[in-house]
Amino acid sequence: MSRTLYISEDYKSSLTLRETQHAIKYIKDVFQQALSFALTLDRVTAPVIVRKNSGINDDLNGVERKVDFSIKEIDVDAEVVQSLAKWKRMALHRYSYNAGEGIYTDMNAIRRDDDVDNIHSIFVDQWDWEKVINKEDRNIEFLKEAVKDIVKAQKRAPKKIFIEMARGANEEQKNKRTTSRTDQLRKAYKFISDYDSKQLSTELDKLGDD
């Protein structure tokens, strides 16, 4: 068992296994409808496997090993997706979405090299979405409004919300090495409580400077 996974000896679920499955379905049904309405998204079916070396599978940090295998029927090497980042952008183009419109999917993936703990598994089951926006909307204020819409869909605001902007969002940053996102996050959250600051710093150290 993973050393980072902790289950209390006296833990007892308040739901039976069957009730847990009903609850999961209920939450997924309700949330996806709320998210779709709030962000103007259509539900699409995403791939679980893609052709190897197709460029569709996301490399994450570039060091994580993918789960790959051969398909006898068509003599093709394939791999299980790790992320849909590239596929979503391709889908938006292929499905001819316009600014203000987008897609969401219930993504399943396998990340064999992920660290496992109480809230992380090598099996990924998460909502994933993407939408088309105008160039002038690529700013923090527009992103904040999107976050507010997601919070409304969740019906409950989290204790903290971290917003990470992709490197190279501005023209002058393109093809240039900027300050690492790790250092930017440390600077952005230097005013949070001492306990949270230490906790965040520990997590950032694990991520490195990418």
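Please refer to the structure placed before this passage.
Here goes a summary of the coordinates provided. (Residues numbered from 1 in each chain as written. Predicted model: local features only at pLDDT ≥ 70, side-chain atom pairs only at ≥ 80, totals over all residues. Heavy atoms only, no water.)

**Quick word on the side chain of Ser83**
Item 1. Here Ser83 is to be found in the loop between β4 (76-80) and α2 (85-94).
Item 2. Only 3.2 Å separates the side chain of Ser83 from the backbone nitrogen of Ala85, close enough to count as a polar contact.
Item 3. If sequence neighbours within four positions are ignored, Ser83 has contacts with Asn57, Asp58, Leu60, Met107 and Arg111. (Helix = DSSP H or I, 4+ residues; strand = E, 2+ residues; numbered from the N terminus. Polar contact = N/O pair within 3.5 Å; in protein donor to acceptor, adjacent residues only side chain to side chain. Contact = heavy atoms within 4.5 Å.)

**Describing the pattern of salt bridges**
Item 1. Evaluated as defined, the whole model comprises ten salt bridges.
Item 2. Among the salt bridges present, the one from Arg65 reaches Asp113, with a minimum N-O distance of 2.8 Å. In this pair, Arg65 sits in the loop between β2 (49-51) and β3 (68-71) while Asp113 sits in the loop between β5 (102-110) and β6 (123-131), placing the two residues 48 residues apart along the sequence.
Item 3. When its relative accessible area of 47% is taken as the criterion, Arg65 is described as partly exposed. (Salt bridge = Lys/Arg side-chain N within 4 Å of Asp/Glu carboxyl O. Buried < 20%, exposed > 50% of the residue type's maximum accessible area, 1.4 Å probe, protein only.)

**Brief notes about the sheet that holds β6**
Item 1. Taken together, three strands build an open sheet; the order of strands is β1-β5-β6 and the sheet is mixed. The two strands at the open ends of the sheet, each matched to only one other strand, are β1 (41-43) and β6. Taken pair by pair, the neighbouring strands of this sheet meet at an average axis angle of 35°, ignoring direction.
Item 2. Of the strand pairs in this sheet, β1 and β5 are connected by three bridges, and their pairing is parallel. Looking at the pairing, Leu41 lines up with Gly102 of β5.
Item 3. Each of β5 and β6 is contacted by α2, which is oriented at about 40° to β6, the strand it contacts most. (Pairing = 2+ DSSP bridges. Axes fitted to C-alpha atoms, helices over the stretch in contact; angles between N-to-C directions.)

**With respect to unusual backbone geometry**
It is generally the case that most residues other than glycine have a negative phi and that most peptide bonds are trans.
Item 1. In this model, Thr40 sits at a positive phi of 60°, which is unusual for a non-glycine residue.
Item 2. Look at Lys155: it is not a glycine, yet its phi comes out positive at around 70°.
Item 3. Its location among the elements puts Lys155 in the loop between α3 (140-154) and α4 (181-188).

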